[in-house]
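One letter stands for each residue in the lines below.
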Amino acid sequence: MRMTLHTDYALRMLIYVATRRDGACTVNDVAEAYGLSRNHLLKVAQTLRHLGLVETTRGRAGGIRLARAPREIGVGALVRATEEEFSLAECMQAGGRACAISPACRLKGMLHEALGAFLPVLDKYTLADIVRDRASLGPLLGIDLAAA
């Protein structure tokens, strides 16, 4: 399974915001910390706001902050909400081309089983689990933990 960049960036944005002690930052802060596209991260921030995971404020004192405690943000739920499709092979896609061996192939069932194991593992974790070691994450992200 490969997550889309949108999901990857959503996780990174949440990690950045949760690592800051005050929880407030800008999209530019996140873009600079990871070396990512500001424009793409603006779309990610909109998605996270729509999902109720972050609050955004416009203007000079504006920015992003978590709308929920990190322990309330499930990794599995986020992945499900941001991924559009979980088709691991073309034969699993709605409207995908028929494969010559489809009538006898067992791969599709195996891939469904693998996906069925993937998401429950992510369900065991929250954003709090990811940012548990803020002391190590902060400097890597350019966050002054004494001030943040």
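Presented here is a report on the structure given in the accompanying data block. Since this is a predicted model, take the numbers as computed values, not measurements.

**A closer look at the layout of surface pockets**
Within this model, the largest pocket holds a volume of roughly 400 Å³. Lining of the largest pocket is provided by 16 residues; of these, Val27, Leu42, Thr56, Thr57 and Arg58 occupy positions nearest its centre. If you list the elements that add at least two residues to the lining of the largest pocket, you get α2 (27-34), α3 (38-50), β1 (54-57) and β2 (63-66). Per element, the largest residue contribution to the lining of the largest pocket is five residues, and it comes from α3.

**Quick look at the packing of α2 against α3**
For the pair α2 and α3, the least separation of the axes is 9 Å and the interaxial angle reads 125 degrees. Taken together, the axes of α2 and α3 lie oblique to each other. Note on packing geometry: the crossing formed by α2 with α3 is right-handed. The segment α2 lies against α3, with Val27, Asn28, Val30 and Ala31 engaging Arg38, Leu41, Leu42 and Ala45.

**Some details on the nonpolar core**
For soluble globular proteins, nonpolar side chains are generally found buried alongside one another. Counting 35 residues, the largest nonpolar core has Met13, Leu14, Leu41, Leu48, Ile64, Leu66 and Leu127 as its most contacted members. Broken down by secondary-structure element, the contributors of at least two residues to this core are α1 (5-19), α2, α3, β2, α4 (75-82) and α5 (107-123). Among the elements that make up this core, the one with the highest residue count is α1 (nine residues).

Cut-offs and rules
- Residues numbered from 1 in each chain as written.
- Predicted model: local features only at pLDDT ≥ 70, side-chain atom pairs only at ≥ 80, totals over all residues.
- Heavy atoms only, no water.
- 1 Å grid on protein atoms, 1.4 Å probe; cavity = no way out; pocket = protein on both sides within 12 Å on 5 of 7 lines; lining within 4 Å.
- Points joined across faces, edges and corners; volume = space filled by probe spheres on them.
- Helix = DSSP H or I, 4+ residues; strand = E, 2+ residues; numbered from the N terminus.
- Axes fitted to C-alpha atoms, helices over the stretch in contact; angles between N-to-C directions.
- Parallel < 35°, antiparallel > 145°, perpendicular 65-115°, else oblique.
- Left-handed = near helix turned anticlockwise from the far one by under 90°.
- Contact = heavy atoms within 4.5 Å.
- Core = buried A, V, L, I, M, F, W, Y, C linked by side-chain atoms within 4.5 Å.
- Buried < 20%, exposed > 50% of the residue type's maximum accessible area, 1.4 Å probe, protein only.

So yeah, pure geometry; function would need other evidence.
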